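Each chain, letter by letter, is given below.
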Amino acid sequence: MRLRSALFAVSMIIFTASASSCSGAGPAQGTGSNSDGSGAPLRSAATGFIEHSIPYEDHNIYAREWPGSGPAIVLMHGFPDDLHLYDQLVPELAPRRVIAFDFLGWGTSDKPAGRSYSADSQTRDVAAVLDYFSLEQAVLVVHDASGPPGIDWALDHPERVAKLVLLNTYYSLMPTLHAPEAITLYSTPDRSAIADTVAASPELNRDLYFWQVGGFIRNDALRTQLLPGFYERFVPALASFRSLNASLLADVAKRTARVDRLTRFGRPVQIVFGAADP
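Everything quoted here is computed from the prediction, not taken from an experiment. (Residues numbered from 1 in each chain as written. Predicted model: local features only at pLDDT ≥ 70, side-chain atom pairs only at ≥ 80, totals over all residues. Heavy atoms only, no water.)

Draft legend 1. Fine view of helix α2 (residues 119–132). For α2, spanning 14 residues, the distance from its first C-alpha to its last is 20 Å, which sits close to the expected 20 Å at 1.5 Å a residue. Listed in full, the buried residues belonging to α2 are A119, S121, Q122, T123, D125, V126, A128, V129 and L130. (Helix = DSSP H or I, 4+ residues; strand = E, 2+ residues; numbered from the N terminus. Expected span 1.5 Å × (residues − 1). Buried < 20%, exposed > 50% of the residue type's maximum accessible area, 1.4 Å probe, protein only.)

Draft legend 2. Summary view of the packing of aromatic side chains. Counted under the stated rule, the structure contains 13 aromatic pairs. Ring centres 5.8 Å apart and planes at 55° place the aromatic pair F79 and F103 in the tilted group. Residue F79 is located in the loop between β4 (69–76) and β5 (96–101), and its partner F103 is located in the loop between β5 and α2; the two are separated by 24 residues in the primary sequence. By relative accessible area, F103 is classed as buried at 0%. Following the ring pairs from residue to residue traces out a cluster consisting of F79, F101, F103, W106, Y186, Y209, F210, Y231, F234 and F241. (Phe/Tyr/Trp six-rings, centres within 6.5 Å; stacked < 30°, edge-to-face > 60°.)

Draft legend 3. Focus on a nonpolar patch on the surface. A contiguous nonpolar patch, built from L173, M174 and L177 and spanning about 280 Å² of accessible area, is present on the exposed surface. Counting through the fold element by element, M174 comes out in the loop between β7 (161–169) and α4 (181–187). (Patch = residues over 30% accessible without salt bridge, like charges linked within 9 Å, V, L, I, M, F, W, Y side chains within 5 Å. Areas by Shrake-Rupley, 256 points an atom, 1.4 Å probe, with all protein chains shown as cover. Salt bridge = Lys/Arg side-chain N within 4 Å of Asp/Glu carboxyl O.)

Draft legend 4. Representation of helix α7 (residues 220–234) in the model. In this model α7 runs 21 Å from its N-terminal to its C-terminal C-alpha over 15 residues, within 8% of the 21 Å that 1.5 Å per residue would give. Maximal helix bending in α7 amounts to about 30°, located at L226; proline P228 follows within four positions. The complete set of buried residues in α7 reads L222, L227, F230, Y231 and F234. One side-chain oxygen of the residue at the start of α7 lies 3.0 Å from the amide nitrogen of A221, identifying that residue as N219. (Bend = angle between axes of the 7 residues up to and from the residue. Polar contact = N/O pair within 3.5 Å; in protein donor to acceptor, adjacent residues only side chain to side chain.)

Draft legend 5. Region of interest: the pattern of salt bridges. Going through the model one piece at a time under the given rule, you end up with 13 salt bridges. R97 is the partner of E65 in a salt bridge, and the nearest nitrogen-oxygen pair spans 2.9 Å. Taken together, the residues span a long stretch of sequence, with E65 in strand β3 (residues 59–66) and R97 in strand β5 at a distance of 32 residues. Comparing E65 with R97 shows no difference in burial state: the two are buried. With a shortest N-O distance of 2.7 Å, D152 and R255 are connected by a salt bridge. Taken together, the positions of D152 in helix α3 (residues 147–156) and R255 in helix α9 (residues 248–256) put the pair 103 residues apart, joining distant regions of the chain. For R255, a relative accessible area of 0% corresponds to the buried category. Salt bridges linked by common partners bring D120, D152, K254, R255 and R258 together as one network.

Draft legend 6. Spatial organisation of the side chain of S172. Inspection of the secondary structure puts S172 in the loop between β7 and α4. Ignoring any residue separated from it by four or fewer positions in sequence, one finds S172 in contact with L177, V252, R255, T256 and V259. (Contact = heavy atoms within 4.5 Å.)

Draft legend 7. The arrangement of the environment of Y209 in detail. Counting through the fold element by element, Y209 comes out in helix α6 (residues 202–214). Sequence-wise, Y209 and L227 are 18 residues apart; in three dimensions their C-alpha atoms are separated by 8.8 Å. Apart from the residues within four sequence positions on either side, Y209 is in contact with P80, G214, L227, F230, Y231 and F234.

Laid out in structure tokens, this is it:
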């Protein structure tokens, strides 16, 4: 699917949540620009946003808010990326109110030394963000590893969920669950020595990142444009990435034991997977 078509399809899916109003405020205005690298510029997501620094457990979570109408659309990134994953989607969601944030340990959010990361800790990140913005109704959009924390928060607060949108994510064990190779390397205990070697080598770490993440981007020009920036922001988050992977198997097993809760979730859910998604 071509980039513009994919963005349009996802934006239309997210737009189908019922309309209501929410409120929020914040200090600083942001500016910036973006394009798809093919000579055809896209509308920039990096304009007109309000920056927020959200106090949380003696640290700060970084968030951006694009003011607008309707229930706020809350975009949660996967790993190993950050809120910039949605840079080219946000313009397609106008004039809706949109909020994107970096999980603690990622992007522009604080990266506390020695902190352990898990789906449980990230569920608390989600709670901190939604409570900060006083969102009584929100469209939650989760992708990749933000699935477990986003789904957990939704299950615990169904009355505050206008809609739950699942983009190529996971929650529990199932026959079709297959982790990308880099995730398998870092989450499998008997491969920890190899993972240590890769993580300690800037060259191997970069090669693995560009091979794995680059393989998810079909557009050559877009891959060339986006990968260097994503990798530059990933390097400071490597410890967070490894910690989250160390808890991955236990996190999935824990949610497999509570999967029956999903059948009782009474809010609208949209599941979006590409034909070639892992």
